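This is what each chain is made of:
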Amino acid sequence: MHYSSWLVLVALFSGIVIGGGFVVILFFSVSRSRQAVQVSSNTVPDGVDQILDAMDSAGIVVDSSLNVVKATAKAFALALVSNARLTYPELIDIAQRVRRTGALVDEEVELQRGRFKDASVRVHVRASLLGSRFVVLLVEDRTEGYRLEAVRRDFVANISHELKTPIGAIGLLSEALHTAADDPEQVRMFADRLNAESLRIARLTQDIIELSRLQAVDAVANAERLEIDHIIAAAVDQNRVGADAHAIELVVGAPTGASVYGDSKLLVTAVDNLISNAIRYSPDGSRVGVGARVAEGVVEIAVTDQGEGIPEADQERIFERFFRVDQARSRTTGGTGLGLSIVKHAVQNHGGDVRVWSQPGMGSTFTIRLPEADEPAPALHGPAAATPSQGEQNQ
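Notes on the structure in this doc start here.

Definitions and limits used
- Residues numbered from 1 in each chain as written.
- Predicted model: local features only at pLDDT ≥ 70, side-chain atom pairs only at ≥ 80, totals over all residues.
- Heavy atoms only, no water.
- Helix = DSSP H or I, 4+ residues; strand = E, 2+ residues; numbered from the N terminus.
- Buried < 20%, exposed > 50% of the residue type's maximum accessible area, 1.4 Å probe, protein only.
- Contact = heavy atoms within 4.5 Å.
- Areas by Shrake-Rupley, 256 points an atom, 1.4 Å probe, with all protein chains shown as cover.
- Core = buried A, V, L, I, M, F, W, Y, C linked by side-chain atoms within 4.5 Å.
- Axes fitted to C-alpha atoms, helices over the stretch in contact; angles between N-to-C directions.
- Parallel < 35°, antiparallel > 145°, perpendicular 65-115°, else oblique.
- Left-handed = near helix turned anticlockwise from the far one by under 90°.
- Expected span 1.5 Å × (residues − 1).
- Polar contact = N/O pair within 3.5 Å; in protein donor to acceptor, adjacent residues only side chain to side chain.
- Salt bridge = Lys/Arg side-chain N within 4 Å of Asp/Glu carboxyl O.
- Arc of directions from axis to C-beta.
- Pairing = 2+ DSSP bridges.

Right, let's get into the overall build of the protein. When helices and strands are counted, the protein shows 13 helices and 14 strands. For the protein, the residues scored as buried account for 35% of the 395 residues in total. Restricting to contacts in the protein with at least 6 residues of sequence separation, those with at least 24 account for 61%. As presented, the protein carries roughly 23200 Å² of accessible surface, and 56% of it is formed by carbon and sulfur atoms.

Below you can see the structure in the form of structure tokens.
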């Protein structure tokens, strides 16, 4: 009996020891699990959020897997972040370099934007490690500064050359008027030429102003939903008189009902420039076609002429400022060399692009491509949606 009591005590003691061991093991397991959770947490260190929000630059914080754990409103405004990931491969490369080397990265980067990747933004990026797990990127948009510098440089280089000819002609014509004061016929001839040169300077100045405005960042600040058929109709109406003067028939395609988001004046100007160019370089009595179509979410506006066509070697340069395929003819027809450049910038500001197909002797087709506007959200059900607003009734 005494022996059995000892066995019970030994068994009880063993159970207590084993149970205590399990408790200790469980405690350390829970403790380590909590530490692992803390290590893998995506919580940004205290104070970083407030610092990033107070800065002018767009701020982004990524973790070891390059997942975005913090992004400021400016980062989203510049489309640097999408679905908790960095949008541009250039930024991904910078973040990876910082993680790999631990060194600060400070450089200028050009990012391609827009649906067709035909426009770009210039940004200054500073990136460094934040603790042991995070990388912080500060992105400053410097596009406007680069654009203003480019406008200033090109203006000085180009306008001095372009104004030299008409200003010189005006000076010579003024002298000729003075010497021909006693000959009414000569006075009328020189006066007509003087008027033509002054109109040319006025057109050139207006185009320079328009192009400079288009290169501003906020050129399409107040975008609205626009019907493409209305844009085409307005541009065609502006060219009726010019077409009739040369017996050129304007043929307009069937309505598409397509819509885009943008600035009505800028888009009408772009289409108007293409139509006026087509009329200017088409033979009298020919036809100019204007039409639109929608394909895979892209609205295409095409303007086709029956002119002489553009050599293939010149097609890549025709959208440059002041570039003319035929210098003599452009001056005769009154072209400033800025019309297609205005078209290009107006379309790019709407996230689109412009293309050309042409063969000598077969005419040319210029095509504006714009992202189609998303379908409007379905109307709400119920009494509040049953009655259209006053603005909808007026439409």
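Structure shown, so let's carry the discussion forward.
In this structure, Asn273 sits in helix H9 (residues 264-280). Relative accessible area serves as the criterion here: at 14%, Asn273 is assigned to the buried category. Residues within four places of Asn273 in sequence aside, it is in contact with Gly339, Ile342 and Val343.

Time to look at the nonpolar core. The biggest cluster of nonpolar side chains holds 36 residues, and the ones touching the most others in it are Ile228, Ile275 and Ile368. Elements supplying a minimum of two residues to this core: helix H7 (228-237), H9, strand E11 (287-295), strand E12 (298-304), helix H11 (339-348) and strand E14 (364-371). Discounting residues that sit within four places of it in the chain, Ile275 has contacts with Ala235, Val236, Asn239, Leu250, Val290 and Val303. Membership of the second largest hydrophobic core comes to 25 residues, among which are Leu66, Leu111, Val125 and Leu137.

Attention shifts here to the packing of H7 against H9. Close contact between H7 and H9 brings their axes to 8 Å; oriented N to C, the two are set at 50°. As the angle between them shows, H7 and H9 are arranged oblique. Remark: the crossing between H7 and H9 carries right-handed chirality. Between H7 and H9, the contacting residues are Ile231, Ala234, Ala235 and Val236 on the first element and Ser264, Leu267, Val268, Val271, Asp272 and Ile275 on the second.

Moving on, we come to H9. Here H9 contains 17 residues, and its C-alpha end-to-end distance of 24 Å stays within 8% of the 24 Å for a straight helix at 1.5 Å per residue. The buried fraction of H9 amounts to 14 of the 17 residues, a majority that puts the element mostly inside the structure. Capping the start of H9, Asp263 holds a side-chain oxygen 3.0 Å from the backbone nitrogen of Lys265, two or three residues further along.

Okay, the pattern of salt bridges next. Taken as a whole and judged by the stated rule, the model has 14 salt bridges. One salt bridge connects Arg240 with Asp237, and the closest N-O pair in it is separated by 3.9 Å. Given a relative accessible area of 36%, Arg240 falls into the partly exposed group. We note a salt bridge from Asp353 to Arg369, for which the minimum N-O separation is 3.3 Å. Residue Asp353 is located in strand E13 (residues 353-358), and its partner Arg369 is located in strand E14; the two are separated by 16 residues in the primary sequence. Here the two residues Asp353 and Arg369 agree in accessibility, since each one is buried.

Next up on the list: unusual backbone geometry. Its identity as a non-glycine residue notwithstanding, Ala79 has a phi of 60°, on the positive side. Mapped onto the secondary structure, Ala79 falls in the loop between helix H3 (73-77) and strand E3 (81-82). A relative accessible area of 38% places Ala79 in the partly exposed class. Positive phi outside glycine occurs at Ala247, with the angle close to 55°. Of note, Ala247 is situated in the loop between helix H8 (240-245) and strand E9 (249-252).

This part covers H7. Buried within H7 we find Ile228, Ile231, Ile232, Ala235 and Val236. Relative to the axis of H7, the buried residues are bounded by an arc of 125° and lie together on one face. Summarising the geometry of H7, the exposed residues directed more than 90 degrees from the buried face are His230 and Asp237.

Where E13 and E14 come together, 6 bridges link them in antiparallel fashion. In the sheet register, Arg355 faces E14, and the bridge partner there is Thr367. The turn linking E13 back onto E14 is made up of 5 residues, and Gly361 within it adopts a positive phi angle of 85°.

By themselves, these observations are geometric and do not establish any function.
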